[in-house]
Amino acid sequence: MRKTCDSIEAWVRPNIRRLKPYSSARNEFSGVASVWLDANESPFNTPYNRYPDPLQSALKQRLAGQRGVAPEQIFLGVGSDEAIDLLYRIFCQPGKHNAVSIAPTYGMYRVCAEINDVAYREVTLNADFSLPVEAILQAADADSRLLFLCSPNNPTGNAFPAADIERLINGFDGIVVVDEAYIDFSSQPSWLGRLCEFPNLVVLQTFSKAWGSAGVRLGMAFALPLIIGYFNKVKYPYNIGEPVQRYALAMLDRADEVRRWVADTLAVRSRFVEQLAALPSVRQVYPSDANFVLVRVDEAELLYDRLVAEGIVVRNRSTVTLCGNCLRITIGTADEMNVLLEAMRRYL
Ligand SMILES: *Cc1c(COP(=O)(O)O)cnc(C)c1O
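What comes next is a walk through the structure. (Residues numbered from 1 in each chain as written. Predicted model: local features only at pLDDT ≥ 70, side-chain atom pairs only at ≥ 80, totals over all residues. Heavy atoms only, no water.)

**Some details on the overall build of the protein chain**
A count of helical and extended segments in the protein chain gives 13 helices and 11 strands. Taking 348 residues into account, the globule formula puts the C-alpha radius of gyration at 20 Å, and the protein chain, at 22 Å, falls close to it. Counting only C-alpha atoms and orienting by the principal axes, one finds that the protein chain spans roughly 70 × 50 × 30 Å. Looking at the protein chain alone, contacts between residues at least 24 apart form 69% of all its contacts between residues at least 6 apart. Only carbon and sulfur atoms are counted for the fraction: they give 52% of the accessible area of the protein chain, which is about 16000 Å². Within the protein chain, the 39 negative side-chain charges are centred at a point lying 3 Å from the centre of the 36 positive side-chain charges. (Helix = DSSP H or I, 4+ residues; strand = E, 2+ residues; numbered from the N terminus. Rg over C-alpha atoms; globule rule 2.2 N^0.38 Å. Contact = heavy atoms within 4.5 Å. Areas by Shrake-Rupley, 256 points an atom, 1.4 Å probe, with all protein chains shown as cover. Lys, Arg positive; Asp, Glu negative; His and termini not counted. Charge placed at Lys NZ, Arg CZ, Asp CG, Glu CD.)

**Topic: the site of the ligand**
Close to the ligand lie 14 residues; D179, Y182, T206, S208 and K209 are nearest. Within the contact set of the ligand, an oxygen atom lies 3.2 Å away from a backbone nitrogen or oxygen of D81. A distance of 2.9 Å separates an oxygen atom of the ligand from a polar atom in the side chain of N154. When the ligand is considered free in solution it has 390 Å² of accessible area, and contact with the protein chains removes 94% of it. (Near = heavy atom within 4 Å. Polar contact = N/O pair within 3.5 Å; in protein donor to acceptor, adjacent residues only side chain to side chain.)

**Topic: unusual backbone geometry**
The amide bond that connects T46 to the next residue, P47, takes the cis arrangement and shows omega of 0°. Inspection of the secondary structure assignment puts P47 in the loop between helix 3 (26-29) and helix 4 (57-67). The peptide bond linking A103 to P104 adopts the cis configuration, its omega dihedral lying at 0°. Of note, P104 is situated in the loop between strand 2 (98-103) and helix 6 (108-115). With a phi angle near 55°, N40 is a residue other than glycine that sits in the positive phi range. By the element assignment, N40 lies in the loop between helix 3 and helix 4. Among the residues examined, N40 registers a relative accessible area of 78% and is labelled exposed. Here the phi dihedral of L322 falls at roughly 65°; this positive angle occurs in a residue that is not glycine. Mapped onto the fold, L322 is located in the loop between strand 10 (315-316) and strand 11 (326-330). Given a relative accessible area of 28%, L322 falls into the partly exposed group. (Buried < 20%, exposed > 50% of the residue type's maximum accessible area, 1.4 Å probe, protein only.)

**Some words on the packing of aromatic side chains**
Taken as a whole and assessed by the stated rule, the structure comprises nine aromatic pairs. Here the aromatic rings of F75 and F231 are separated by 4.7 Å at their centres, their planes lie at 20°, and the arrangement is stacked. Here F75, found in strand 1 (residues 74-77), pairs with F231, found in helix 9 (residues 225-234); they are 156 residues apart in sequence, far enough to count as distant. Take F75: its relative accessible area is 0%, and that puts it in the buried class. Note on F231: relative accessible area 0%, which makes it buried. Relative to F292, the ring of Y182 lies with its centre 5.0 Å away and its plane at 80°, an arrangement referred to as edge-to-face. Here Y182 is found in the loop between strand 5 (175-179) and strand 6 (201-206), whereas its partner F292 is found in strand 9 (residues 292-297), with 110 residues between them in sequence. By relative accessible area, which is 2% here, F292 ends up buried. Ring pairing ties together the aromatic residues Y88, Y106, Y109 and F148, which thus form one cluster. Just above the ring of F292 sits the side chain of R328; from NZ or CZ to the centre is 5.7 Å. (Phe/Tyr/Trp six-rings, centres within 6.5 Å; stacked < 30°, edge-to-face > 60°. Lys NZ or Arg CZ within 6 Å of the ring centre and 35° of its normal.)

**Overview of the environment of S281**
Mapped onto the elements of the fold, S281 is located in the loop between helix 11 (255-277) and strand 8 (282-285). The exposure class assigned to S281 is buried, which follows from its relative accessible area of 9%. Along the primary structure S281 and V262 are separated by 19 residues, whereas in three dimensions their C-alpha atoms are 29 Å apart.

**Some details on the packing of helix 12 (residues 300-309) against helix 13 (residues 334-347)**
Packing of helix 12 against helix 13 brings their axes to within 10 Å, and their N-to-C directions diverge by 125°. Taken together, helix 12 and helix 13 sit at an angle that is classed as oblique. Classified by chirality, the crossing of helix 13 by helix 12 is right-handed. On helix 13, the residues that touch L303, R306 and L307 of helix 12 are L340, A343, M344 and Y347. (Axes fitted to C-alpha atoms, helices over the stretch in contact; angles between N-to-C directions. Parallel < 35°, antiparallel > 145°, perpendicular 65-115°, else oblique. Left-handed = near helix turned anticlockwise from the far one by under 90°.)

**Quick look at the layout of surface pockets**
Unfilled space is identified by rolling a water-sized probe across the atoms. Put simply, the largest pocket is a space of about 650 Å³. Lining the largest pocket are 31 residues, and of these N154, Y182, K209, F292 and R328 sit closest to its centre. The element best represented in the lining of the largest pocket is helix 11, accounting for four residues. Across the lining of the largest pocket, the residue classes break down as 14 nonpolar, 10 polar and seven charged. A domain split of the lining of the largest pocket shows at least three residues from each of domain 1 (5-253) and domain 2 (256-347). Computed from the structure, the second largest pocket encloses a volume of approximately 310 Å³. For the second largest pocket, the lining is made up of 13 residues, of which P21, Y22, S23, L55 and N232 are closest to its centre. The dominant element in the lining of the second largest pocket, judged by the number of residues it contributes, is helix 9, at three residues. Tallied by class, the residues present in the lining of the second largest pocket amount to six nonpolar, five polar and two charged. (1 Å grid on protein atoms, 1.4 Å probe; cavity = no way out; pocket = protein on both sides within 12 Å on 5 of 7 lines; lining within 4 Å. Points joined across faces, edges and corners; volume = space filled by probe spheres on them. Nonpolar A, V, L, I, M, F, W, Y, C, P; charged D, E, K, R; others polar. Domains from an automatic or database assignment.)

Here it is, written out as C-alpha cells:
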C-alpha cells in the first residue's frame, strides 16, 4: 500500500502530535544578538559555558552534503540507540501498539520496546539467515507501528537483498527502520539513496563503527522531514553537546582516512576468515558484510572461556536464536587477529 504523509501523521501518538515542545528562544536571535543574558549561563569558560545548538545546524549541513540528503532529513542522537528509543516514544502507545523484528538481531530493539511497554514480536530468520518476508508481514497487525530490520544484520553479518527489504517497506503498514550501523563495510548500497521513494522508511547510521567513534556517542536517523520534525519535538533539547558537534565536524573532514580504515578492516577480515575456516573445530564461518564474523565451532562455551582466560574477549552468541555454538568475532588489527588465531590453534 502506498504511504503518504497523512498515514504517517496518523501513526504518531496523539499526545506527541499535540505536544508543544520545550522552546529555547536562542535560535531566533543567532546572528543578530551579541549579548546573551537569557539562559542563565556563566559568562566564563568559553566556549563550554554556552548551551549547544539544539538542532546541530552546522553539522547537519556538512552531513547532508556528504550523504546526499537535506539537513531536514537528519536527526542526530546520543548514539543510534537514542533514535531507536525515540521511534518507540513517537509511534507506539504503551500497552497498545507493537513492534515487529527479526531474530537474531541487535538487542536494543527489544530493550527499548520493553522500556516503553511495547509488545515486541520476533520472527526467526530462515536457517540461512535470509529474510522470511511473508512471515514478517503476517506477524504484523493493525497495531504494528514499527518494523526493525538490521542490514548488515548483527550478529549474523549478512546484508539482506534490496528486493526483500523493498517488499517489506511496501507491505508493512507502519514505519520500517533499516539499521545500517555496518553499511560502510557492506557490498550493498545504503538505503539513503532511495529515502525519497519511501515515506515510511527510517535509516539509522552511526559514528560508532566504521567511523571509529563509539566513545563519542553520536548516531543518525534519516527520514522524511515530517518524521524528523517529531524526533526534534520529543528529544532532549540539547542532546548533542558542543564538543561532540565540533568533534564530528572534524571527523567528517577525515572521510578519506575512514575509507582507508574500512579497506584495512576488510583486508584483515578476508585473511582472518581464511585462516579461521582452516581450523579443525571450526564448523562454519558465515559470510560477513560487516566488521565482524559469526563462526560456528564445536564447543563455543568452552572455547569462549579459554579465550577469556587468555585475556581475549569475543562475543558468545551460543544462546541466541539460530546461533547455537556460535561466537561473534570483531575484526581488530591484523596483530589482534593473529593473537586470537594463535590461542585458538592452541586449544582446537
Ligand atoms: C553497534 C550497533 C549500533 C550502534 O549503536 P550506537 O548507539 O550508535 O553506538 C546500532 N545498531 C546496531 C545493529 C549495532 O550493531
